[in-house]
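# Examining the three-dimensional arrangement
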Amino acid sequence: MIIKVCVGSSCHLKGSYDVVESLKGLLKKYEVEDAIELQACFCVGNCAKGVSVLAEEFGDKHPQETPAATPIEDGLLLHQVTAENAEAIFVEHVLPLLK
């Protein structure tokens, strides 16, 4: 699986660097460093709901839409991710896609 954190202007101002650092720690904590590749990307067109995070290439799983996540053609778009809520979003939306 690939997780891409938007580091475009809007998301950068909303704390994307802190989200990246939080996700790095979560990959270690949940021992999924070999299963998930963390990347930065530029604008995903979701500036009003940033920091935006894309989860891609997770196989045949079908994620559900929630206020924090929208399934899109190429994956799952996670909305308003912060360093403070990154673990809750990771556990609720990302880890189930690995199982």
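Look up a bit, the structure's there.
What this report covers is the structure whose coordinates are included nearby. (Residues numbered from 1 in each chain as written. Predicted model: local features only at pLDDT ≥ 70, side-chain atom pairs only at ≥ 80, totals over all residues. Heavy atoms only, no water.)

This next bit is on the overall build of the protein chain. Of the regular secondary structure elements, the protein chain holds three helices and five strands. The helix and strand sequence of the protein chain, counted from the amino end, reads β-α-α-β-β-β-β-α. In terms of overall size, the protein chain behaves like a compact globule, its C-alpha atoms giving a radius of gyration of 12 Å where 99 residues would be expected to give roughly 13 Å. The principal-axis extents of the C-alpha atoms in the protein chain amount to approximately 35 × 25 × 20 Å. Counting all 99 residues of the protein chain, 40% fall into the buried class. Considering only intrachain contacts with a sequence separation of at least 6, the fraction spanning at least 24 residues in the protein chain is 68%. For the protein chain, the distance from the average position of its 8 positive side-chain charges to the average position of its 15 negative side-chain charges is 3 Å. (Helix = DSSP H or I, 4+ residues; strand = E, 2+ residues; numbered from the N terminus. Rg over C-alpha atoms; globule rule 2.2 N^0.38 Å. Buried < 20%, exposed > 50% of the residue type's maximum accessible area, 1.4 Å probe, protein only. Contact = heavy atoms within 4.5 Å. Lys, Arg positive; Asp, Glu negative; His and termini not counted. Charge placed at Lys NZ, Arg CZ, Asp CG, Glu CD.)

What follows concerns helix 3 (residues 86–98). Helix length check: helix 3, at 13 residues, gives a terminal C-alpha distance of 17 Å against a target of 18 Å (1.5 Å per residue), a fit within 8%. Maximal helix bending in helix 3 amounts to about 30°, located at Glu 92; proline Pro 96 follows within four positions. Contact partners of the buried residues in helix 3: strand 1 (2–6), helix 2 (16–29), strand 4 (69–72) and strand 5 (75–78). (Expected span 1.5 Å × (residues − 1). Bend = angle between axes of the 7 residues up to and from the residue.)

It is worth spelling out the side chain of Ser 52 at this point. Inspection of the secondary structure puts Ser 52 in the loop between strand 2 (37–41) and strand 3 (53–56). In this structure the side chain of Ser 52 is engaged in a polar contact, spanning 3.1 Å, whose partner is the side chain of Asn 46. Not counting the four nearest positions on each side in its chain, Ser 52 is found in contact with Lys 4, Val 5, Cys 6, Cys 11, Val 44, Asn 46, Leu 77 and Leu 78. (Polar contact = N/O pair within 3.5 Å; in protein donor to acceptor, adjacent residues only side chain to side chain.)

Mapping Leu 23 onto the fold places it in helix 2. Taking the C-alpha atoms as reference, Leu 23 lies 9.3 Å from Val 5; in sequence the two are 18 residues apart.

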